Amino acid sequence: MTLKPILILAVVALATGCGASKPELAADTIYTGGDIVTVDDAHPSAEAIAVKDGKILAVGGRSSIESAYVGSRTTVVDLGGKTLLPAFLDPHSHYFSSLTVANQVNVYAPPAGPGKDIAGIVAALKQFRDERRIPKGVLIQAYGYDENAMPNGVGLSRDDLDLDFAGNPVMVGHVSMHGAVLNSAAMKRYGISAETKTPPGGVILRKPGSNEPAGLVMETAYLPIFASLPKPNAEQEAEWSRAGQMLYAAAGITTAHEGATHAAELALMQRAAAAGAHVIDVVAYPFFTDFDAVLEKNPRSTWGRYVNGLKIGGAKITLDGSPQGKTAYFTTSYLTGGPGGEANWRGEPGFPEDEAKAFVKKVYDLGLPLNIHANGDAAIDMVLRAHEFAAAGDLAKQRHVTVIHSQFVRPDQLDKYAAYSITPSFYTEHTYYFGDTHILNRGREQADFISPMRAAIDKGLRPTNHTDFVVAPLDQMFVIWTAVNRISRGGMVIGADQRVTPLEALKAITLNAAYQYGEEESKGSLEPGKLANLVILDGNPLKVDPMAIKDIRVVETIKDGRTIYQAK
Ligand SMILES: [Zn+2]
């Protein structure tokens, strides 16, 4: 900054039209020298932004901002050609998983990780063990393993892991979060052997021609293992929470989502928050199974506001499964049969309809926001009928109801979303990860209409878009990339007519997400008075070649005017 303070005072005095200087107008920080994307339709771009006391003071031209708001203690940050935007809000993920994931090995498939083959996964595990000097006998865990991304779909086995990890139990978590590959030491610890019977609804993969477990343990066979995994002690609760939040901060996210919170998890989150663990804001949605227990400990009056960075946002209910797992509930049959080869398989509701209706009514009557997981169109029909039952008398009232995923929503159902003030939170990353699978399972027409963001916007809705972390990595640029391009892993365009503009895709993880949370007064765009939650990127997603959006990196994340993450 070259302007002298004395000159600034004079300019401020002139600008305010009175003789006295107004030091309270001096900004703490001014950012300028790069593209500023405001996500404010009234003023889409700016040259400078002034921040004071954690809030946005002004947004506008460089000279007017500098002349009005530079004081003797103002830091002027030169963006050096980088792009500044409102920080991202995460409309749906599983924050609680991040507490453990922060202490695990990332083995996602490329581009998010090294899991392109067995050698890549083993190398990442060895590096983690050596870097952290993990002693013998201590469990090593990984996350994001996906055999579908590996050569010929041949997955990891216990033998692959035994070779280098005879001394440590190793568990490589499946990307579905419903299972893991265990080595022999882990099998010994968790009591899986040739004598172990496969429970109903479970999977214990066996070696060919033998009863010997091969490594992969899924579903009900995995649940007892999952339940006995190490949990943080009192000291670790805050430490793990902060580490998990830093994964979000590194992705440019300053408001994270906990998408199905159990009572014990919420209690832990509250303890960690009280211990000062929060780097970012987290919004928790207690799961229907634990809703009454949570409500008993947390009176209605305490919901909907942040306490130490944590907000109980509303309730969560799940009505079906996933389309790639063929557990999403449809009105028409899967073209490829059911998960067990069943003919005329449409999936099944995860919840009896009457119970779903009663739960929705209970939540509405309490005046709480509701998140409903529904993927198939039959599950979405259930959502709409439950709404018509629970909201009878005022169907259109804004209740902050969000249908999480809404992947196979029909056009007529989107019309009802609009009429009922229901927000779809889409999952356009499926066009990349599962686009080819959806074409096989559901046919071209339905696959092309998955997460139909274009149609939703054209019907006046304000859709959001999510990663469902840890199902997919925390990578908001990839979320935007999939909404803009809709290209499958196999290179197929999945529904070209449902592509949206980069700005529309950006809104889905900023302003629209703030709206989903009922926080659009304070978050989601760069406007005076809003919180100074900012992200700096090394490229402008609105200007680069749409195919290059996924290569943009987060450089810095700022929450309430303070830098919380800086790329190395
Ligand atoms: Zn989820």
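Since the model is a prediction, treat every value here as computed from it, not as a measurement.

**Q** How would you explain the side chain of H438 if you had to name every residue and give the values?
**A** Summarising the element assignment, H438 is placed in helix α15 (residues 435-442). Judged by relative accessible area, which is 1%, H438 ranks as buried.

**Q** Which residues make up unusual backbone geometry, and what are the values?
**A** Backbone torsion omega between F469 and V470 reads 15°, so that peptide bond is classified as cis. Relative to the helices and strands, V470 resides in the loop between β20 (464-465) and α18 (476-485). Notably, V39 is not glycine yet its phi reads approximately 55°, a positive angle. If you trace the backbone, V39 turns up in the loop between β1 (29-37) and β2 (45-52). In this structure V39 comes out as buried when scored by relative accessible area, which is 3%. Positive phi values are uncommon outside glycine, yet K326 reaches one of about 60°. Relative to the elements of secondary structure, K326 occurs in the loop between β16 (315-318) and α11 (353-365). Overall, the relative accessible area of 13% leaves K326 in the buried class.

**Q** Tell me what's going on with the pairing of β16, and back it up with residues and numbers.
**A** The pairing of β16 with strand β17 (residues 370-374) spans four bridges and is parallel. Note that in β17 the partner of A315 across the bridge is L370. Read as a crossover between parallel neighbours, the route from β16 over α11 to β17 is right-handed.

**Q** Lay out the pattern of salt bridges with the relevant residues and their values.
**A** Here the structure, examined in full by the defined rule, presents 28 salt bridges. Between R410 and D412 there is a salt bridge, with the nearest N and O atoms lying 2.9 Å from each other. By relative accessible area, R410 is classed as partly exposed at 25%. Its salt-bridge partner being E527, residue K530 comes within 3.6 Å of it at the nearest N-O pair. On the basis of relative accessible area, E527 is assigned to the partly exposed category, the value being 27%.

**Q** An account of the confidence of the model for the protein chain is requested, with residue identities and associated values reported.
**A** Per-residue pLDDT for the protein chain has a mean of 93; in total, 96% of the residues score no lower than 70. In the model, residues 1-21 has pLDDT below 50 throughout and makes 15 contacts with residues more than four positions away in sequence or in other chains.

**Q** Tell me what's going on with the packing of helix α12 (residues 377-390) against helix α13 (residues 411-420), and back it up with residues and numbers.
**A** Put simply, α12 and α13 touch, their axes get as near as 11 Å, and they point 30° apart. Overall, the two elements α12 and α13 adopt an arrangement that is roughly parallel. Note that α12 runs across α13; the crossing there is left-handed. Between α12 and α13, the contacting residues are D377, I380, D381, L384, H387 and E388 on the first element and Q413, K416, Y417 and Y420 on the second. For the contact of α12 with α13, the residue count by class is four nonpolar, two polar and four charged.

**Q** Could you give an account of the coordination of the zinc ion, with specific residues and numbers?
**A** Looking at the zinc ion, one finds its protein donor set to be H92 (NE2), H94 (NE2) and D468 (OD), positioned 2.1 to 2.2 Å from the metal centre. With relative accessibility at 16%, the residue H94 sits in the buried group.

What counts, and at which threshold
Residues numbered from 1 in each chain as written. Predicted model: local features only at pLDDT ≥ 70, side-chain atom pairs only at ≥ 80, totals over all residues. Heavy atoms only, no water. Helix = DSSP H or I, 4+ residues; strand = E, 2+ residues; numbered from the N terminus. Buried < 20%, exposed > 50% of the residue type's maximum accessible area, 1.4 Å probe, protein only. Pairing = 2+ DSSP bridges. Right-handed = clockwise from strand over helix to strand, strands pointing away. Salt bridge = Lys/Arg side-chain N within 4 Å of Asp/Glu carboxyl O. pLDDT = per-residue confidence, 0-100. Contact = heavy atoms within 4.5 Å. Axes fitted to C-alpha atoms, helices over the stretch in contact; angles between N-to-C directions. Parallel < 35°, antiparallel > 145°, perpendicular 65-115°, else oblique. Left-handed = near helix turned anticlockwise from the far one by under 90°. Nonpolar A, V, L, I, M, F, W, Y, C, P; charged D, E, K, R; others polar. Donors = N, O, S within 2.8 Å, 3.2 Å for Na, K, Ca; no water.

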